[in-house]
Amino acid sequence: MLRLATVNVNGVRAAWNKNRGQSKGLAEFLAERDCDVVTLQEVRAPDAVVRELLADTGYHLAHAEAVDKGRAGVAVLSRVEPTAVRVGLGAGPDESGRWIEADLAHAGGTLTVVSAYVHTGGVGTPKQDQKYQFLEDMTVRMGELRAATPHAVVTGDLNVAHTPRDIKNAKGNLKKAGFLPEERAYFNRFFGELGWVDVARSLAGDVDGPYTWWSMRGQAFDNDTGWRIDYQAATPDLAATAVSSQVDRAESWAERWSDHAPLVVDYDL
């Protein structure tokens, strides 16, 4: 069995220290959840700091730091050392800190794990243009990965709720970044033409959520007014081995160590 978790930590240093001595934060999650692989988004810290922070966790670290300090940053933590690591999307150097791939050996061959952090965007702004370009580059790379290996998984905060089942207030968000028809069309292609499987949705069935992100403002968390924007998108052969999926939602607002909750999937490899 291989357990893979993905979570946007909203700053690794803050998540690590959050609630220490009171309840559980990232440190306790890593120590207690018994994951073989953990992917992180919005690490938002220099590589040296991340390595020092995670040095005693027992994980090997592959980390892509963003050139813009204090922003983005993605990582793959694994119990086995990666045989290869690739950073970035598109042509030329990519220092956005939004895409990293790690190849991990397992009994059935090689598992390619991606940690991705798609732009939040903003309607009518350059940030939305950047988001669409990133989704275009993702489409190309996911096609390449799908053709190259039977066992690959793209994980992370993809910042798009695919269907009305993935957002509490669908009608009220139709014109907002994260639920635009143009954004959702990319996910139609990921889970349609390109043949990838939305593992959490496949296991949960046709139900609302389970959500993975709630605003820190107001009563969103208490009322479960959330978005399902964190994914594990797997190749069909890998998805067929998935046996369980769980969102590790905190017991209360005060016990949260990020505005996202970890998405944990067990694969019977």
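Everything here concerns the structure above.
From a predicted model like this one, the values you see are computed outputs, not experimental measurements. (Residues numbered from 1 in each chain as written. Predicted model: local features only at pLDDT ≥ 70, side-chain atom pairs only at ≥ 80, totals over all residues. Heavy atoms only, no water.)

Student: Hey, could you go over the sheet that holds strand 9 (residues 197-198) for me, with residue numbers and the actual values?
Tutor: Pairing in this open sheet of 6 strands is mixed, and the strands run 5-6-7-8-10-9 from one edge to the other. Strand pairing shows two members of the sheet lacking a second neighbour, strand 5 (84-87) and strand 9, which therefore form its edges. The pairing of strand 7 (residues 109-117) with strand 8 (residues 152-157) spans 6 bridges and is parallel. Considered in strand 8, the bridge of V113 is made with V153. The strands touched by helix 4 (residues 126-148) within the sheet are strand 5, strand 6 (99-106), strand 7 and strand 8, with strand 6 carrying the most contacts at an inclination of about 20 degrees. (Pairing = 2+ DSSP bridges. Helix = DSSP H or I, 4+ residues; strand = E, 2+ residues; numbered from the N terminus. Contact = heavy atoms within 4.5 Å. Axes fitted to C-alpha atoms, helices over the stretch in contact; angles between N-to-C directions.)

Student: Lay out the packing of aromatic side chains in plain terms, naming residues and giving numbers.
Tutor: For the coordinates displayed, the defined rule picks out 9 aromatic pairs. Taking the centre distance of 5.3 Å and the plane angle of 80 degrees together, the rings of W214 and F221 count as edge-to-face. Three or more aromatic residues joined by ring pairs form one cluster here, namely F187, F190, F191 and Y231. Seen from the ring of F179, R184 lies directly overhead, with NZ or CZ sitting 4.0 Å from the centre. Over the face of the ring belonging to F221 we find R249, whose NZ or CZ atom lies 3.9 Å from the ring centre. (Phe/Tyr/Trp six-rings, centres within 6.5 Å; stacked < 30°, edge-to-face > 60°. Lys NZ or Arg CZ within 6 Å of the ring centre and 35° of its normal.)

Student: Just give me the short version of the sheet that holds strand 1 (residues 2-8), but keep the residues and values in it.
Tutor: Backbone hydrogen bonds are what pair the strands of a sheet, in a parallel or an antiparallel way. Taken together, the 6 strands give an open sheet; going across it, the order is 3-4-2-1-12-11, and neighbouring strands pair in mixed fashion. Two strands lie at the open edges of the sheet, namely strand 3 (60-64) and strand 11 (242-247), each paired on one side alone. Sheet twist, expressed as the mean angle between neighbouring strand axes with direction ignored, is 15 degrees. Strand direction decides the pairing type here: strand 3 and strand 4 (residues 74-78), joined by 5 bridges, are antiparallel. If you follow A64 over to strand 4, its bridge partner there is V74. Of the strands in this sheet, strand 3 and strand 4 are in contact with helix 3 (residues 47-54), which crosses strand 3 at around 155 degrees.

Student: Any details on the pattern of salt bridges? Residues and values, ideally.
Tutor: Following the criterion strictly, the structure yields 18 salt bridges and no others. Ionic pairing is found between D208 and R165, a salt bridge with its closest N-O pair at 2.8 Å. Taken as a pair, D208 in the loop between helix 6 (199-204) and strand 10 (230-234) and R165 in the loop between strand 8 and helix 5 (181-190) lie far apart in primary sequence, 43 residues in all. Across the pair R228 and D198 runs a salt bridge, and its minimum N-O distance is 2.6 Å. Here the residue R228 occupies a position in the loop between helix 6 and strand 10, and D198 occupies one in strand 9, the gap between them amounting to 30 residues. As far as the burial class goes, R228 and D198 line up, both buried. Residues joined by salt bridges that share partners form a network here, namely R86, E101, D103, R141 and E144. (Salt bridge = Lys/Arg side-chain N within 4 Å of Asp/Glu carboxyl O. Buried < 20%, exposed > 50% of the residue type's maximum accessible area, 1.4 Å probe, protein only.)

Student: Which residues make up helix 4, and what are the values?
Tutor: Given 3.6 residues per turn, any residue in an α-helix points the same way as the ones three and four places further on. For helix 4, which comprises 23 residues, the first-to-last C-alpha distance of 33 Å matches the rise-based estimate of 33 Å (1.5 Å per residue) to within 8%. Of all the positions in helix 4, only Q128, K131, F134, L135, M138, T139, R141, M142 and L145 are classed as buried. Contacts from the buried residues of helix 4 go to strand 5, strand 6, strand 7, strand 8 and helix 5. (Expected span 1.5 Å × (residues − 1).)

Student: With reference to specific residues and values, describe the nonpolar core.
Tutor: Within the largest apolar cluster, 30 residues are counted, with the highest numbers of intra-cluster contacts made by L4, V76, V113, V153, V199 and Y267. Not counting the four nearest positions on each side in its chain, V76 is found in contact with V37, V38, T39, H60, L61, A62, I100, A102, V113 and S115. Grouped together as the second largest cluster of nonpolar side chains are 23 residues, A15, V43, V50 and W257 included. (Core = buried A, V, L, I, M, F, W, Y, C linked by side-chain atoms within 4.5 Å.)

Student: Go over the environment of S244, please, and point to the residues and values.
Tutor: Of note, S244 is situated in strand 11. Overall, S244 belongs to the partly exposed group, its relative accessible area being 30%. In the structure, S244 is positioned 24 residues away from D268 in sequence and 9.5 Å away in space, judged by C-alpha atoms. With near-sequence residues (within four places) excluded, S244 lies in contact with L203, V264, V265 and D266.

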